[in-house]
There are 2 protein chains.
Amino acid sequence: MTRRTDQLKLGAFLANSGHHVAAWRHPLAQADASLDFAHFRAIAETAERGKFDALFIADVVALWGHHHDALSRTARAEHFEPLTLMSALAAVTTHIGLIATATTSYNEPYHIARKFASLDHLSGGRAAWNLVTSVVSDEAWNFGREQHIDHGDRYQRAEEFHDVVKGLWDSWDDDAFVRDKASGQYFDPAKLHTLNHRGEHFAVRGPLNVARPPQGHPVLVQAGASPAGRTLAARVAEVIFASASDLADAQAFYQDIKARAADLGRDPDHIKILPGITPFIAESREQAQALFDEFQALIDPVLGLRLLADTLGEDIDLSGHDLDGPLPETPVGQRGSRRDKVLELAQKENLSIRQLYLRLAGGNPVIGTAADIADHFEAWFEARACDGFNVFFPYFPGGIEVFVDQVIPLLQERGLFRREYQGRTLRENLGLPRPANRFSRP
Amino acid sequence: MTRRTDQLKLGAFLANSGHHVAAWRHPLAQADASLDFAHFRAIAETAERGKFDALFIADVVALWGHHHDALSRTARAEHFEPLTLMSALAAVTTHIGLIATATTSYNEPYHIARKFASLDHLSGGRAAWNLVTSVVSDEAWNFGREQHIDHGDRYQRAEEFHDVVKGLWDSWDDDAFVRDKASGQYFDPAKLHTLNHRGEHFAVRGPLNVARPPQGHPVLVQAGASPAGRTLAARVAEVIFASASDLADAQAFYQDIKARAADLGRDPDHIKILPGITPFIAESREQAQALFDEFQALIDPVLGLRLLADTLGEDIDLSGHDLDGPLPETPVGQRGSRRDKVLELAQKENLSIRQLYLRLAGGNPVIGTAADIADHFEAWFEARACDGFNVFFPYFPGGIEVFVDQVIPLLQERGLFRREYQGRTLRENLGLPRPANRFSRP
Ligand SMILES: Cc1cc2nc3c(=O)[nH]c(=O)nc-3n(C[C@H](O)[C@H](O)[C@H](O)COP(=O)(O)O)c2cc1C
Ligand SMILES: Cc1cc2nc3c(=O)[nH]c(=O)nc-3n(C[C@H](O)[C@H](O)[C@H](O)COP(=O)(O)O)c2cc1C
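You'll find chain A entered in an unreviewed UniProt entry as LLM class flavin-dependent oxidoreductase, with Pseudomonas vanderleydeniana given as the organism. Per its UniProt entry, chain A bears the Sequence similarities (unreviewed entry) comment "Belongs to the NtaA/SnaA/DszA monooxygenase family."

See below:
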């Protein structure tokens, strides 16, 4: 394969005390970071110093699990709402993109279109929407439903939701606002477009009460992995937040998505695929491994068993079993591919219960020196397994500082990453085209 | 009556180019202010320099009217969404309160509880929610409804919505988050409270995924004037945004609300009543009047007639009539008290159509020197017609600058207004108590 001429796209994933589930307990992490705006501001400033494309924040519209005993061992029970946090960060940054997650399952398209348009204006064209369909039924319970919307319906709703939002963003031509003091005409009514959407899930008249966003449309990010998720992604995503555990899987996903997009007539370069990755960095590989081990040792078994149960099936109770013994025969559940993979892994590597939950909790780490991390990034990028990464920093604030101070310069020296922001908007920095307005007459 | 020993509470009302409907056309106003964050930031900084209690922003979740010809003569078709704007302003201010409007008619309580809690944390305890029930059916059309929810139902929904939001804010005891690195306990599950609300309009399980707000509850602001609106206000409002055209009306409203609150066992001092007021300020009264006249002269008749029709009844078409002649016999409409007042005014003062719409558009101005404005504020305050004002600046940015430079010092000299912020939170600055958590055990 020829060497790539484009550059890595990097997202900085925000997480309270750090991405590692026990991060808050580690001496390097700030334990009371979750609702400390100064903490997030410092992270944003460091990310911008490192020329990251964007900050990225996940979301759940409920407590992150209803097993309070396990949850109480994490820093996940309290967090900022993404759009309010990103709006505040917009005011204290100038170049970095702001990717906020919002679910289509428990929102209304008018609110979402409006808030992201507002954020795009606030930030001068740096907003992005991570469209998710939600995973936990805890969210349903907060919105008058007994259980989560079915997977298929969820994606149908998401498709329609998405189309309405895009339609609302096109309510105004880019040049609709003339603001002519002399004539008294503020906007040209011929350049205002009323959507009048009537679909299966939504009836939304419009128009939006916000001018067309600076980016035309805020960047569309998507994270689903199922066939329905991929179909939507291939049609509409501009950034895909992927979870890929090994190179071959990542390459297969990459090729699949790019091919689907091409089939739909899209330029495959206009979808950037960014797997999540957690770098543990130290002066030597041994020290990096030791650092990782320190974090892993802080995972309380109550929490570890819960993570395991969440994957194997909610109702599995492993608390009576020897943690250092093997997994008992587990009932066949309905949880699908992730569950099967984990069971397979346990068997193949002959893992104890503790080893298995540590493996799950450890996520997808890359452990080594700054050069090792840069090598890994380069290898995946050149192998066309990705277009960049969504970087999960194991702990804050130090985890991003060491990355920006040590890994970013290596990537820059190798020509793999920008030294300065090229564009003014997130879209420009990502190399994505500005969408035309569907309603505008030329 | 004895002189009051408390001080004025002042809100600075945000409006794009200014509060006057034709402000954007005036040479003193910035015409392209609506989505310019730097503009709002400058206003916020000036308001904070003037020691205002809070910034205040109104809202509508639709275009501000569907008569595009009239709307296109105003700067109201584009505006920031309140929560995103206030979050951004939180990051660049330190003392001033942030009052954002959100309707209970087209929102979900979980989202609203969460966003205001998030803003309260972001801002270190400066958030306030202006609870409104909406007025225009244009909003209904953006949320799958054919028409606006009925007035009575709207308030029933609002009551329940409010109670759910407050319940969610109490999801956590103030000291629930222990974050003990050694033991691994981040929060104490006994201090987490699950609401489990099941009512007529909402089923919301909770808990909220945000720690208890710094203020306990963000300050509750309310703006309804009908009996149902007053009932809700007396029970829950801490600040009332009132519209009062003359002193006697204002005093009556003030007494009514304070008496209702006392009847409910509340301390009447814990409701601050702030009528809206628009000061036109110049070196002399003549110049101030001339300034006001300049703004009025910029109101296009298309817009003026629309304002009149909005008050007299949507379907009234006055465009065929002589603007300088009297109002024709108008069909009896269903529009209620505001309509009748306007018809009465036209008859009593023998106003032409133009004079009448100018009167409506002019709003509630106080025209004069800085000393005149200060006198007016003092008179209303001492007459117990209000506890302060929500100041509508006719034009931005100059309108607030002249107020802060000239009127605020006079109010300070007279002991009517603070020289420095007393408290850290909006609640403290307003002199409001921090609410106890309904679920906490002592
Ligand atoms: C990497 C990744 C990140 C995700 N982040 C979120 C999130 O922050 N909030 C959320 O509600 N769902 C999130 N999801 C869930 C997806 O939106 C989707 O609901 C879920 O993956 C199920 O759809 P699928 O079967 O297509 O994967 C994420 C999914 C993936 C793969
Ligand atoms: C001074 C004042 C300001 C208001 N501001 C808003 C607003 O910004 N957005 C909104 O939807 N409704 C607003 N309202 C409408 C009220 O929430 C309420 O829906 C309306 O006044 C009808 O209720 P009422 O009959 O009790 O007055 C406002 C009302 C008043 C009196």
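Chemist: So what's going on with the interface of chain A and chain B? Which residues, and what values?
Modeler: Listed per partner, the contact involves 75 residues of chain A and 75 residues of chain B. In total, chain A and chain B occlude about 6,300 Å² of area from one another, counting both sides; carbon and sulfur atoms represent 58% of this. Put simply, E78 of chain B and R179 of chain A hold a salt bridge, and the shortest N to O gap is 3.0 Å. Inspection of the chain A/chain B interface yields 42 residue pairs in polar contact (both at pLDDT 80 or more). Sorting the residues of the side of chain A that touches chain B by element identifies helix 1 (37–49), helix 2 (68–71), helix 3 (82–90), helix 4 (109–122), strand 5 (177–180), strand 6 (185–187) and strand 8 (203–204) of chain A as the ones contributing at least two each. With seven residues, the top contributor of residues to the side of chain A that touches chain B is helix 4 of chain A.

Chemist: Describe in detail the site of ligand 1, supporting the description with residues and values.
Modeler: Residues and elements named next belong to chain A. By nearness alone, 15 residues border ligand 1, and D59, T133, H151, Y155 and S226 come closest of all. Contact distances for ligand 1 include 3.1 Å between an oxygen atom and a backbone N or O atom of S134. The separation between an oxygen atom of ligand 1 and a polar side-chain atom of S226 is 2.5 Å. Within the complex, 82% of the 610 Å² of free accessible area of ligand 1 lies under protein. Among the residues making up the shell around ligand 1, the classes are represented as seven nonpolar, seven polar and one charged.

Chemist: Account for the side chain of S118 of chain A, with residues named and values stated.
Modeler: Mapped onto the elements, S118 of chain A comes out in helix 4. Among the polar contacts made by the side chain of S118 of chain A, one reaches the side chain of T84 of chain B at a distance of 2.8 Å. Excluding its chain neighbours within four sequence positions, the residues that come into contact with S118 of chain A are V210 of chain A together with F80, E81 and T84 of chain B.

Chemist: I'd like to hear about the packing of aromatic side chains, residue by residue, with values.
Modeler: Given two aromatic rings, their pairing is described by the distance between the two centres and the angle made by the two planes. All names here are of chain A. Scanning all chains against the criterion turns up 52 aromatic pairs over all chains. Here W172 and F187 contribute two aromatic rings whose centre-to-centre distance is 4.9 Å and whose plane-to-plane angle is 80°, an arrangement assigned as edge-to-face. One end of the pair, W172, is in the loop between helix 6 (151–169) and strand 5; the other, F187, is in strand 6, and 15 residues separate them in sequence. The same class applies to W172 as to F187, namely buried.

Chemist: Can you tell me about the relation of the copies chain A and chain B, naming the residues and giving the values?
Modeler: Least-squares fitting of chain A to chain B yields an RMSD of 0.0 Å, with the transformation described by 0.0 Å of translation along the axis and a rotation of 180°. Given the turn and translation reported, the copies of this chain are related as if by a two-fold rotation axis. Of every C-alpha in chain A, the one belonging to A88 of chain A sits nearest the axis of rotation, 2.0 Å from it. A shared interface surface links the copies, since 100% of the contact residues of chain A are contact residues in chain B too.

Chemist: I'd like a description of the environment of F161 of chain B, backed by residues and values.
Modeler: All names here are of chain B. Mapping F161 onto the fold places it in helix 6 (residues 151–169). Remark: the alpha-carbon pair of F161 and D138, spanning 23 residues in sequence, is separated by 21 Å. Excluding residues that lie within four positions of it along the chain, F161 makes contacts with T104, N107, E108, P109, I112, W129 and F202.

Chemist: Explain the pattern of salt bridges residue by residue, including any values.
Modeler: Evaluated as defined, the whole model comprises 66 salt bridges over all chains. Put simply, D256 of chain A and R230 of chain A hold a salt bridge, and the shortest N to O gap is 2.8 Å. Here D256 of chain A is found in helix 8 (residues 247–263), whereas its partner R230 of chain A is found in helix 7 (residues 227–236), with 26 residues between them in sequence. For D405 of chain B, the salt bridge is made with R49 of chain B, and the minimal N-O distance between the two is 2.9 Å. Taken together, the residues span a long stretch of sequence, with D405 of chain B in helix 14 (residues 398–413) and R49 of chain B in helix 1 (residues 37–49) at a distance of 356 residues. The partly exposed category is assigned to R49 of chain B, whose relative accessible area is 46%. The network of salt bridges with common partners includes R3, D375, E378, E382 and R414 of chain A.

Chemist: Could you give me a rundown of the site of ligand 2, with the residues and numbers involved?
Modeler: All names here are of chain B. Of all residues adjacent to ligand 2, which total 15 residues, the nearest are D59, T133, H151, Y155 and S226. The contact in question runs from an oxygen atom of ligand 2 to an N or O atom on the backbone of S134, over 3.1 Å. H151 is positioned with one of its side-chain polar atoms (N or O) 2.7 Å from an oxygen atom of ligand 2. Relative to its unbound accessible surface of 600 Å², ligand 2 loses 82% to contact with the protein. Here the residues of the shell around ligand 2 are counted per class, giving seven nonpolar, seven polar and one charged.

Chemist: Break down the environment of I277 of chain B for me, with residues and values.
Modeler: Take I277 of chain B: it is sitting in strand 11 (residues 272–281). I277 of chain B has contacts with N364, V366, H376, F377, F389, N390, V391 and F392 of chain B, leaving out every residue within four places of it along the chain.

Chemist: Give me helix 14 (residues 398–413) of chain A: which residues, what numbers.
Modeler: Residue and element names in this part refer to chain A. Given a rise of 1.5 Å per residue, 16 residues ought to cover 22 Å, and the 23 Å separating the end C-alpha atoms of helix 14 matches this to within 8%. Along helix 14, the sharpest kink reaches roughly 35°, centred on V404. Within the span of helix 14, buried status applies to G398, G399, I400, V402, F403, V404, V407, I408, L411 and Q412. On the buried face of helix 14, the contacting elements are strand 1 (9–13), helix 1, strand 11 (272–281), helix 13 (370–382) and strand 13 (388–392). Residue G415 follows helix 14 closely and has a positive phi angle near 75°.

Chemist: A description of the confidence of the model for chain A should follow, citing residues and the corresponding values.
Modeler: Looking at chain A as a whole, its pLDDT mean stands at 94, while 98% of the residues score no less than 70. Scoring the predicted complex yields pTM 0.97 and, for the interface, ipTM 0.97.

Chemist: Please give an account of the pairing of strand 11 of chain A that cites residues and values.
Modeler: Residue and element names in this part refer to chain A. Most of strand 11 sits inside the fold, with 10 of its 10 residues counted as buried. The two faces of strand 11 match: K272, L274, G276, T278 and F280 on one face and I273, P275, I277, P279 and I281 on the other face are all buried. Bridge count between strand 10 (residues 239–242) and strand 11: four bridges; the pairing is parallel. When the sheet's bridge partners are listed, I240 is paired in strand 11 with I273. The parallel pair strand 10 and strand 11, bridged by helix 8, forms a crossover whose chirality is right-handed.

Chemist: I'd like a rundown of unusual backbone geometry, residues and numbers included.
Modeler: Of note, the bond from G206 of chain B into P207 of chain B is cis; its omega dihedral lies within 30 degrees of zero at -10°. Looking at the element boundaries, P207 of chain B is found in the loop between strand 8 (203–204) and strand 9 (219–222). In this structure, the amide linkage connecting F396 of chain B to the following residue, P397 of chain B, adopts the cis form with an omega of 0°. Looking at where P397 of chain B falls in the secondary structure, it is placed in the loop between strand 13 (388–392) and helix 14. Even without being glycine, K51 of chain A reaches a positive phi, approximately 65°. Tracing the sequence through the fold places K51 of chain A in the loop between helix 1 and strand 2 (54–57). Residue K51 of chain A is classed as buried on the basis of its relative accessible area, which comes to 16%. The backbone of N196 of chain A shows a phi angle near 55°, a positive value even though the residue is not glycine. Here N196 of chain A lies in the loop between strand 6 and strand 7 (197–198).

Thresholds applied
The residue count restarts for each chain, going from 1 along the sequence in the order it is written. Whichever chain is written first is A, and whichever ligand is written first is 1; the rest continue in order. Restriction of local features to residues with pLDDT of at least 70 applies here, the model being predicted, together with a cutoff of 80 or more for giving and counting side-chain atom pairs; totals for whole chains, interfaces and linings are based on all residues. Side-chain calculation: all heavy atoms of the structure are included, whereas hydrogens and water are not. UniProt positions are given in the numbering used here, feature names are shortened, and annotations may be inferred rather than shown by experiment. Two residues qualify as a contact provided that any one of their heavy atoms is within 4.5 Å of a heavy atom in the partner residue. Each of two parts loses accessible area, computed with a 1.4 Å probe, when they are put together; buried area is these two losses added. Any Lys or Arg side-chain nitrogen found within 4 Å of a carboxyl oxygen on Asp or Glu counts as a salt bridge. Polar contact is defined as a pair of N or O atoms within 3.5 Å, subject to the rule that within protein one atom must be able to donate a hydrogen and the other to accept it, and that residues adjacent in sequence are counted only when both atoms are side-chain atoms. Numbering goes from the N terminus for both helices and strands, where a helix is a DSSP run of H or I of at least four residues and a strand is a run of E of at least two. One heavy atom suffices: a residue is near a molecule or strand as soon as one of its heavy atoms comes within 4 Å of it. Accessibility throughout is a Shrake-Rupley quantity obtained with a 1.4 Å probe, and a residue counts as covered only by protein chains that appear here. The nonpolar class holds Ala, Val, Leu, Ile, Met, Phe, Trp, Tyr, Cys and Pro. Asp, Glu, Lys and Arg form the charged class, and all remaining residues, Gly among them, are polar. When two rings of Phe, Tyr or Trp (its six-membered ring) have centres within 6.5 Å they constitute a pair, described as stacked for plane angles under 30 degrees, edge-to-face for angles over 60, and tilted for the intermediate range. Relative accessibility under 20% of the residue-type maximum defines a buried residue, over 50% an exposed one, and the middle range a partly exposed one, all with a 1.4 Å probe and only protein chains included. A residue counts toward the fit only if its pLDDT is at least 70 in both copies, and the copies are then superposed by least squares on the C-alpha atoms of those residues. Here the expected length of a helix is defined as 1.5 Å per residue gap, with one fewer gap than residues. To obtain the bend at a residue, axes are fitted to the seven residues ending there and to the seven starting there, and the angle between these axes is taken. Every residue gets a pLDDT, meaning the predictor's confidence in that residue, from 0 to 100. Two strands are counted as paired when DSSP detects at least two bridges linking them. Every crossover in which the path from the first strand over the helix to the second runs clockwise, viewed with the strands pointing away from the viewer, is termed right-handed.

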